[in-house]
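# Descriptive structure summary
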Amino acid sequence: MGRFARLTGCLCVLSTALAAAPAALAAGPAALSSPPIGPEVSRFVAADLYATRHPEAPPPGSDDWSCVPVAAHPDPVVLVHGSYSNAYATWAYIAPALASAGYCVFALNYGGVTGNPSKGTGDIRESAKQLGAFVDRVLASAEASKVDIVGYSQGGLMPRWYLRFDGGADPADPARNKVAKLITLGATSHGTTVSGLAYLSALMRALGETADDSDTAARQQEVGSPLLRQLNARGDTEPGVAYTAIATRYDAVSTPYRATFLKAGPGATVDNITLQDGCEIDHIGHIGLTYDPRVLAQVLRALDPAAAPREVTCVPVLPIASGARL
């Protein structure tokens, strides 16, 4: 492990001390016999602690493979966690809320190994293939033609690779797209400086230091990485897909925070949302985004504007220490 890898490892431990032990590495799509569903919680700390002990547990409200979509919500929702995390740690609050709203909800673990709570660290291109296989399984199980994807951090970026390069979207015939909506939360859409640490990483590699394989996804999310240059070379969006990009001004991991926003290309729509617009008392950072009531309200609105409450939730939220989870 190089000096940068050791530095970021120490940083992760220090900066997530308030949020329990780090959670990350990754597994492929859910096995046919899923582990027991984890409990519903509303705080990141509790979810992260549980996920450390039960890294393969699906979040509550998810992975009911007998779920039949209702007419009001015909597209199943696939939840995609971020780097150094897993499905339960990320979605234990949002998944049951979406299920209660009438959606068929599914959450995969990707980009790591079974039994390790730290997932989402492998090559993003391989993770996108895992997502593709999971989406195909969801579509077959639910007898649906499309899914909606909600992705946090890397989980908002990686599906764009799936859309563009692995069959998630068909630009020649958008009616054949497998994804109707992509909703991203603090996604590293155009790379991140991680408040400058990505530049330090590049410097260390120039000096001959290399990170170990577990840092693959982190390196690929740095501003200007070859993967991001290839992904964004033809624009941000795919025809026929509706995008919503949700950001917080207090994000210290996906930085600068406005880099998460997308620009609509032909045949696509984009809604870029800053959480603090109209709600200055919400100080949520990167960690904890998926446990913020305002984020949940915005996700529900993006999935179905007609069914969402007219007023989006605005309550005081304290920042949760942002660690090196992308």
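Reading the values: the criteria
Residues numbered from 1 in each chain as written. Predicted model: local features only at pLDDT ≥ 70, side-chain atom pairs only at ≥ 80, totals over all residues. Heavy atoms only, no water. Helix = DSSP H or I, 4+ residues; strand = E, 2+ residues; numbered from the N terminus. Buried < 20%, exposed > 50% of the residue type's maximum accessible area, 1.4 Å probe, protein only. Contact = heavy atoms within 4.5 Å. Disulfide = S-S within 2.5 Å. Polar contact = N/O pair within 3.5 Å; in protein donor to acceptor, adjacent residues only side chain to side chain. Axes fitted to C-alpha atoms, helices over the stretch in contact; angles between N-to-C directions. Parallel < 35°, antiparallel > 145°, perpendicular 65-115°, else oblique. Nonpolar A, V, L, I, M, F, W, Y, C, P; charged D, E, K, R; others polar. Salt bridge = Lys/Arg side-chain N within 4 Å of Asp/Glu carboxyl O. Pairing = 2+ DSSP bridges.

Turning to the environment of Val77, a few remarks are in order. Following the sequence through the fold, Val77 ends up in strand β1 (residues 77–80). According to the relative accessible area criterion, Val77 is buried, its value standing at 0%. Sequence-wise, Val77 and Val138 are 61 residues apart; in three dimensions their C-alpha atoms are separated by 9.1 Å. The residues touching Val77, leaving out its near neighbours within four places in the chain, are Leu98, Tyr103, Cys104, Val105, Phe106, Asp148, Val150 and Leu303.

Now for the state of the cysteines. Throughout the structure, instances matching the rule amount to 2 disulfides. The residue that forms a disulfide with Cys67 is Cys104, at a sulfur-sulfur distance of 2.0 Å. One quick way to see it: the torsion about the S-S bond of Cys67 and Cys104 is about -85 degrees, and its sign makes the bridge left-handed. Of the two residues, Cys67 sits in the loop between α2 (44–53) and β1 while Cys104 sits in the loop between α4 (94–100) and β2 (105–108), which places them 37 residues apart along the sequence. Per residue, the accessibility class of Cys67 equals that of Cys104, and both read buried. Take the cysteines of the protein chain that form disulfides and number them in order along the sequence; they join up as 1-2, 3-4.

Relative to the helices and strands, Thr216 is located in helix α8 (residues 216–220). Its relative accessible area of 15% is what places Thr216 among the buried residues. Apart from the residues lying within four places of it in its own chain, the contact partners of Thr216 are Thr121, Gly122 and Asp123.

As a further point, take the environment of Thr290. Topologically, Thr290 is positioned in the loop between β6 (269–274) and α10 (293–303). Residue classification places Thr290 among the buried positions, given a relative accessible area of 4%. Look past the residues within four positions of Thr290 in its chain and what remains in contact with it is Thr90, Trp91, Tyr93, Ile94, Tyr152 and Leu185. At a separation of 2.7 Å, a polar atom in the side chain of Thr290 contacts the main-chain carbonyl oxygen of Thr90.

Quick look at the packing of helix α5 (residues 124–142) against helix α6 (residues 154–165) now. For the pair α5 and α6, the least separation of the axes is 8 Å and the interaxial angle reads 80 degrees. Between α5 and α6, the crossing angle belongs to the class labelled roughly perpendicular. Of the residues in α6, those touching α5 at Ile124, Arg125, Ser127, Ala128, Leu131, Gly132 and Val135 are Gln154, Leu157, Met158, Pro159, Trp161 and Tyr162. The class makeup of the residues in the contact of α5 with α6 is 9 nonpolar, 3 polar and 1 charged.

Next up on the list: α10. In terms of residue burial, α10 counts as a mostly covered element, since 8 of its 11 residues are buried. Looking at α10, one finds that the buried residues are Arg294, Val295, Leu296, Ala297, Gln298, Val299, Ala302 and Leu303. For α10, the elements touching its buried residues are β1, α4, β3 (147–152), β4 (179–185), β5 (242–247) and β6.

Following the criterion strictly, the structure yields 9 salt bridges and no others. Between Asp136 and Lys178 there is a salt bridge, and its shortest N-O distance comes to 2.9 Å. Of this pair, Asp136 sits in helix α5 while Lys178 is found in the loop between α6 and β4, placing the two residues 42 residues apart along the sequence. The class of Asp136 is partly exposed, set by a relative accessible area of 35%. Here Glu238 makes a salt bridge to Arg164, at a shortest N to O gap of 2.5 Å. You can see Glu238 sitting in the loop between α9 (226–232) and β5 and its partner Arg164 sitting in helix α6, a full 74 residues away along the chain. Looking at Glu238, the relative accessible area reads 5%, which means it is buried. Salt bridges linked by common partners bring Arg249, Asp277 and Glu280 together as one network.

Moving on to unusual backbone geometry. The linkage connecting Thr255 with the following residue, Pro256, adopts the cis geometry, with an omega of -15 degrees. By the element assignment, Pro256 lies in the loop between β5 and β6. Residues other than glycine seldom take positive phi values, yet Glu143 does so here, at roughly 50 degrees. Note that Glu143 resides in the loop between α5 and β3. Judged by its relative accessible area of 74%, Glu143 falls in the exposed class. For Ser153, which is not glycine, the phi torsion reads 60 degrees and is therefore positive. Within the secondary structure, Ser153 sits in the loop between β3 and α6.

The strand order across the open sheet built from 6 strands is β2-β1-β3-β4-β5-β6, with neighbouring strands paired in parallel fashion. Looking at the sheet topology across the chains shown, the edges are occupied by β2 and β6. Ignoring which end each strand starts from, the neighbouring axes of this sheet average 15 degrees apart. Where β1 lies against β2, 4 bridges are found, and the strand directions are parallel. By the bridge assignment, Leu79 is partnered in β2 with Ala107. Along the sheet, α5 contacts β1, β2 and β3; its crossing angle with β2, the most-contacted strand, is approximately 155 degrees. On the sheet, α6 packs against β1, β3, β4 and β5 and is oriented at approximately 150 degrees with respect to β4.

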